[in-house]
Amino acid sequence: MDISGRTFLVTGGSSGLGAACVREFAGAGANVVICDIGEHGAELARELGPKVLFAKTDVTDEVAVSAAIASATERFGALHGAINCAGVATAERTIGKEGPQPLAHFSKVISINLIGTFNVIRLAAAAMLGREVAPNEDRGVIICTASVAAYDGQIGQAAYAASKGGIVALTLPVAREFAQHQVRVVSIAPGIFDTPMLAGLPEAARESLGKQTPFPARLGRPPEYAKLARHIVENQMLNGEVIRLDGAIRLAPR
């Protein structure tokens, strides 16, 4: 798919991996709708110009996601892709010093990371299906964000790893289902990236985390994620796969 002139929804687009995708795709001539609960998306949209729109969106809210998609189609004519970067990360043992982890904490992570992603997938795909395309042309591309924690989650990551493992597991069956509609589905599993989730850590701790990556021995950079997302859109043979973007890291137990 040629990105220029196409329209993409980016959840979690106000910061981190999502904001990097917004910049990468807008810079390539795409129309972009930033979906986020934070207001920084409005500032980013103003900075990047009229081809970028901000829609305040909770990915777990069906009405809000539907409204964002409607805004995309009304403003730009059609929806061609969705990039799911919205998510939360927590570190909490299943049995802590104060007893079992509150079930609500686990449910919140699953609700945002997994159910929220699926909510966007189903609604975005439905909006794509009515678009007329040639027999071998992409009708749409959906990208999801998993994590290396889906494969080697650490102690305290039960909720996060489960949510990202769910994204890994749904990638192939959804890609197989959507193949008849010429919609591709691919997930990216990042390693340790320099995002706002790590922003509160001391610099020494951030450097230590980066050095755990075999090569390059540093934190991943959000633009590197965005470049892979762009390549997925442009490379039609990428479908039904989860791509580790991690510098060969394998997380230790703790």
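Residues numbered from 1 in each chain as written. Predicted model: local features only at pLDDT ≥ 70, side-chain atom pairs only at ≥ 80, totals over all residues. Heavy atoms only, no water.

1. Overview of unusual backbone geometry
What counts, and what does not: The numbering of helices and of strands both runs from the N terminus, where a helix is a DSSP run of H or I of at least 4 residues and a strand a run of E of at least 2.
The omega torsion of the bond from F215 to P216 falls at 0°, within 30 degrees of zero and hence cis. Residue position: P216 is located in the loop between α7 (203–211) and α8 (222–234). The phi torsion at Q182 lies on the positive side, around 65°, for a residue other than glycine. In this structure, A248 takes a positive phi of about 75° despite not being glycine. Topologically, A248 is positioned in the segment after β9 (242–245).

2. So, helix α3 (residues 62–76)
Condition: Given a helix with a known number of residues, its expected span is that number minus one, times 1.5 Å. Residue contacts are counted whenever heavy atoms from the two residues lie within 4.5 Å of one another. N or O atoms within 3.5 Å of each other form a polar contact, as long as, within protein, one can give a hydrogen and the other can take it, and as long as residues adjacent in sequence are counted only when both atoms are side-chain atoms.
Taking 1.5 Å as the rise per residue, α3 with 15 residues should run 21 Å; its terminal C-alpha atoms sit 21 Å apart, in good agreement. On the buried face of α3, the contacting elements are β1 (7–11), β2 (31–36), β3 (52–56) and α4 (103–128). Where α3 begins, the side chain of D61 points an oxygen toward the backbone nitrogen of V63, at a separation of 2.9 Å. Backbone geometry just after α3 places G77 at a positive phi near 100°.

3. A closer look at helix α6 (residues 158–178)
The line we're drawing: The angle between axes fitted to the seven residues ending at a residue and the seven residues starting there is what we call the bend at that residue.
Spanning 21 residues, α6 covers 30 Å between terminal C-alpha atoms, matching the ideal 30 Å at 1.5 Å per step. Of all bends in α6, the biggest is about 30°, found at L170, and the proline P173 comes one to four residues later. Those residues of α6 that are buried are in contact with α4, β7 (140–145), α5 (149–152), β8 (183–190) and β9.

4. Side note on the side chain of D246
Where we set the bar: A 1.4 Å probe rolled over the protein chains alone gives each residue an accessible area, and that area as a share of the maximum for its type sets the label: buried under 20%, exposed over 50%, partly exposed in between.
In this fold, D246 is placed in the segment after β9. Take D246: its relative accessible area is 11%, and that puts it in the buried class. Within the local environment of D246, its side chain forms a polar contact with the backbone nitrogen of A248, the two atoms lying 2.9 Å apart. Discounting residues that sit within four places of it in the chain, D246 has contacts with V148, G191 and T213.

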